[in-house]
Amino acid sequence: MDHVTAIVDCAVYRDGVRQPGTPTWQGAIRDVRSRGDGFVWIGLHEPSPRQLGGIADALGLHPLAVEDAIHAHQRPKVDRYEDSLFAVVKTVHYNDDGQQKVEVVESGEVMLFLGPDFVVTVRHGEHGGLHRVRLALETRPDMLRLGPSSVLHAVLDHVVDEYLHVVDELQTDIDQIETAVFDPDNRGSRTGRIYLLKREVVELRRALAPLSAPLAELTDHPSVSVAEPIRAYFRDVDDHLRRAVDQVTSFDDLLNTLVSANLAQAGIMQNEDMRKISAWVAIVAVPTMVAGIYGMNFTHMPELGWKYGYPTVLAGIAVVCSFLFRAFKRNGWL
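Residues numbered from 1 in each chain as written. Predicted model: local features only at pLDDT ≥ 70, side-chain atom pairs only at ≥ 80, totals over all residues. Heavy atoms only, no water.

Colleague: Go over the overall build of the chain, please, and point to the residues and values.
Modeller: A tally of regular secondary structure across the chain gives eleven helices and seven strands. Across the 334 residues in the chain, those meeting the buried criterion constitute 45%. For the chain, restricting intrachain contacts to residue pairs at least 6 apart in sequence, the fraction spanning at least 24 positions comes to 68%. Only carbon and sulfur atoms are counted for the fraction: they give 56% of the accessible area of the chain, which is about 17900 Å². (Helix = DSSP H or I, 4+ residues; strand = E, 2+ residues; numbered from the N terminus. Buried < 20%, exposed > 50% of the residue type's maximum accessible area, 1.4 Å probe, protein only. Contact = heavy atoms within 4.5 Å. Areas by Shrake-Rupley, 256 points an atom, 1.4 Å probe, with all protein chains shown as cover.)

What follows is the structure, encoded as structure tokens:
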């Protein structure tokens, strides 16, 4: 059962073509090494130490790299071990399930072991599957003929393309919140959503930014595990990554500006509300004052016994309140 759940796919590639059949990983390794040509690609999903340990012993993988592959939450990197190479790359996924206030950027990891005649991919997380990458690469025998490093390029290219997709989705989110912040008819607070978007941007930047150094390592430093023609393709991947990193950096700056603008608007709205409250308090103070004075019940008060005293006071209150209302309205307080 462990074998079924850990190994997603296993195949032998010879002369750029996938060989027929569904061999076990042991049979695939024996086939490649007995014939002395081709390479085996083993795809794993969250293997246990025992599951990966058997493959590691058969292929001679370095124990430190195996330990990193078992335990997720590694930074993107490229480590060289004699005639093998170990690479770690973060995967991202734009989750829009309609159950949350904003979409969430989920992250996972893909580790790759490369040798002269093998490549082992270890995936952590529920997204970032490599089945489509494998199918697309199998349509390009010219690339597969270059060996295991063609798989490394295909995986990195796929991951960076997914970065660009997530960046585009975040661009849509930020455009919407930017429109809402500067919409004069929308007075609701958007601070919470802006901070949630900032959390997404931080999550994405943690995945993107550290990958620049490993790509530079693959591009600028020759390795026995990387075919020379493939190095030029890594430069193209690095260009795409730099574009994504630049956009994410601009997102962070824009969100900081939106936070400041939203807080400033909130302060302006509070000032407007206080002015309205103050204006109405001033208007209501007039009848309150008059009622308070005549409610003292003194015997000798001005016009207390006059027949038209009550309607005159009411009319005076109405005139003063109307004057104050028009004055506040004219000055924009109401």
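Right, picking up where we left off after that structure.
Colleague: With reference to specific residues and values, describe helix H11 (residues 309–330).
Modeller: The first and last C-alpha atoms of H11 sit 32 Å apart over 22 residues, in line with the 32 Å expected at 1.5 Å per residue. All buried positions along H11 are accounted for by Gly-309, Ile-317, Cys-321, Leu-324, Ala-327 and Phe-328. What you see down the axis of H11 is that its buried residues fit within an arc of 125°, all on one side. Among the exposed residues of H11, those oriented more than 90 degrees off its buried face are Val-319, Phe-323, Arg-326 and Arg-330. (Expected span 1.5 Å × (residues − 1). Arc of directions from axis to C-beta.)

Colleague: Explain the packing of aromatic side chains residue by residue, including any values.
Modeller: The final tally for this structure, using the stated rule, is four aromatic pairs. Seen in terms of ring centroids, Tyr-13 and Phe-39 are 5.4 Å apart; in terms of plane orientation they differ by 25°. Their pairing is stacked. You can see Tyr-13 sitting in strand E1 (residues 7–14) and its partner Phe-39 sitting in strand E3 (residues 39–45), a full 26 residues away along the chain. Each member of the pair, Tyr-13 as well as Phe-39, is classed as buried. Ring geometry for Tyr-13 against Trp-41: centres 6.3 Å apart, planes inclined by 40°, an arrangement best described as tilted. Separated by 28 residues along the polypeptide, Tyr-13 in strand E1 and Trp-41 in strand E3 bring together distant segments of the chain. Judged by its relative accessible area of 1%, Tyr-13 is buried. Its relative accessible area of 1% is what places Trp-41 among the buried residues. Each member of the aromatic cluster is reached from another via a ring pair, and the members are Tyr-13, Phe-39 and Trp-41. A cation sits over an aromatic face here: Arg-134 above Trp-41, 3.9 Å from the ring centre. (Phe/Tyr/Trp six-rings, centres within 6.5 Å; stacked < 30°, edge-to-face > 60°. Lys NZ or Arg CZ within 6 Å of the ring centre and 35° of its normal.)

Colleague: Report on the pattern of salt bridges, specifying residues and quantitative values.
Modeller: Evaluation of the coordinates by the stated rule reveals 16 salt bridges. Arg-134 serves as the salt-bridge partner of Asp-9, at 3.3 Å between the closest nitrogen and oxygen. Taken as a pair, Asp-9 in strand E1 and Arg-134 in helix H5 (residues 131–138) lie far apart in primary sequence, 125 residues in all. Relative accessible area serves as the criterion here: at 4%, Arg-134 is assigned to the buried category. (Salt bridge = Lys/Arg side-chain N within 4 Å of Asp/Glu carboxyl O.)

Colleague: Which residues make up the pairing of E1, and what are the values?
Modeller: Where burial is concerned, most of E1 is hidden: seven out of the eight residues are buried. Inspection of the sheet shows E1 paired to E3 by six bridges, in the antiparallel sense. Bridged to Tyr-13 within E3 is Phe-39. As judged from the two bridges shared by E1 and strand E2 (residues 17–18), these two strands associate in the antiparallel manner. Bridge assignment links Tyr-13 to a residue of E2, and that residue is Arg-18. (Pairing = 2+ DSSP bridges.)

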